[in-house]
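Chain and residue survey
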Amino acid sequence: MRRLSSPAVATRVGVIAKRVGNPVGTPGWKWACGFYPGSDPADHARGIAETFDQARGAFEAACHVFLAKRTEVDFEVYRRDRAFHAWKRAMWAKGLQLPTQVADGRAVCFCGAAIGIDDMNVHIWAAHMEAETT
Ligand SMILES: [Zn+2]
């Protein structure tokens, strides 16, 4: 499986992968282009192909159309959502509760910062939004 990203923003926009478990004689590759949140799922595209090169060609054509409809805000929505979920998993991995899980709405981040329901997202985006890599 190869994860493909938009080089301009280093956001993963899709995937090309070998199909597994499909009947013999059916196309061996699949591809998908799109991300959520930050775009309408109706704008996403996917397909199957006989070869990797065919899948890549179809993928690149679909992503060209998909990316032409995206704005920087779309990518920011997606990156912030990814950052929130990564932060949430890190909190849980350390046995910490989120502000939304405690009665008074206040908690301590794994970095030591005091956070509340109202400033949780701002803290995550400022302190824990990872640099995207391809
Ligand atoms: Zn923190």
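Owing to the predicted nature of the structure, the values given are computational and were not obtained by experimental measurement.

1. Concerning the overall build of the protein chain
- The secondary structure content of the protein chain amounts to 3 helices and 6 strands.
- Per-residue burial over the protein chain gives 17% buried out of 134 residues.
- Contacts in the protein chain between residues at least 24 apart in sequence constitute 38% of all its contacts with a sequence separation of at least 6.

2. Digging into the environment of Ser-39
- Mapped onto the fold, Ser-39 is located in the loop between strand 3 (29-33) and strand 4 (45-49).
- For Ser-39, a count of 20 C-beta atoms within 10 Å corresponds to the buried category.
- For the pair formed by Ser-39 and Tyr-78, sequence separation is 39 residues and the distance between their alpha carbons is 8.5 Å.
- Beyond its immediate sequence surroundings of up to four residues, Ser-39 is in contact with Gly-34, Arg-70 and Asp-74.

3. Section: the packing of helix 2 (residues 72-93) against helix 3 (residues 120-127)
- Remark: helix 2 packs on helix 3, axes separated minimally by 10 Å, with the N-to-C direction vectors making an angle of 100°. With respect to helix 3, the axis of helix 2 lies roughly perpendicular. On helix 3, the residues touching Arg-80, Ala-83, Phe-84 and Trp-87 of helix 2 are Asn-121, Ile-124 and Trp-125.
- Grouping the constituent residues of the contact of helix 2 with helix 3 by class yields 5 nonpolar, 1 polar and 1 charged.

4. Thoughts on the nonpolar core
- In terms of nonpolar packing, the biggest core is built from 12 residues, these being Val-13, Ile-16, Trp-29, Trp-31, Cys-33, Phe-35, Ala-55, Phe-59, Ala-62, Phe-66, Phe-75 and Tyr-78.
- For this core, the secondary structure elements donating two or more residues are strand 2 (11-18), strand 3, helix 1 (52-68) and helix 2.
- Ignoring any residue separated from it by four or fewer positions in sequence, one finds Trp-31 in contact with Gly-14, Val-15, Ile-16, Arg-46, Gly-47, Ala-49, Ala-55, Ala-58 and Phe-59.
- The next biggest cluster of nonpolar side chains, apart from the first, holds 6 residues, and it includes Met-91, Cys-109, Met-120 and Ile-124.

5. Section: the environment of Met-129
- When you line up the elements, Met-129 lands in the segment after helix 3.
- Under the C-beta neighbour-count criterion, Met-129 is labelled partly exposed, with 16 such atoms within 10 Å.
- Considered as a pair, Met-129 and Phe-84 are 45 residues apart in the sequence and their alpha carbons are 8.1 Å apart.
- When sequence neighbours within four positions are dropped, the list of residues in contact with Met-129 reads Arg-79, Ala-83 and Ile-124.

6. Some remarks on helix 2
- A rise of 1.5 Å per residue sets the reference length of helix 2, with its 22 residues, at 32 Å; its end C-alpha atoms lie 31 Å apart and thus fit the reference within 8%.
- Those residues of helix 2 that sit buried are Phe-75, Tyr-78, Trp-87 and Met-91.
- On its buried face, helix 2 sits against strand 2 and helix 3.
- Directly beyond the C-terminal end of helix 2, a positive phi value near 75° is found at Gly-95.

Rules of the game
Residues numbered from 1 in each chain as written. Predicted model: local features only at pLDDT ≥ 70, side-chain atom pairs only at ≥ 80, totals over all residues. Helix = DSSP H or I, 4+ residues; strand = E, 2+ residues; numbered from the N terminus. Buried ≥ 20, exposed ≤ 12 C-beta atoms within 10 Å, placed from the backbone. Contact = placed C-beta atoms within 7 Å. Axes fitted to C-alpha atoms, helices over the stretch in contact; angles between N-to-C directions. Parallel < 35°, antiparallel > 145°, perpendicular 65-115°, else oblique. Nonpolar A, V, L, I, M, F, W, Y, C, P; charged D, E, K, R; others polar. Core = buried A, V, L, I, M, F, W, Y, C linked by C-beta atoms within 7 Å. Expected span 1.5 Å × (residues − 1).

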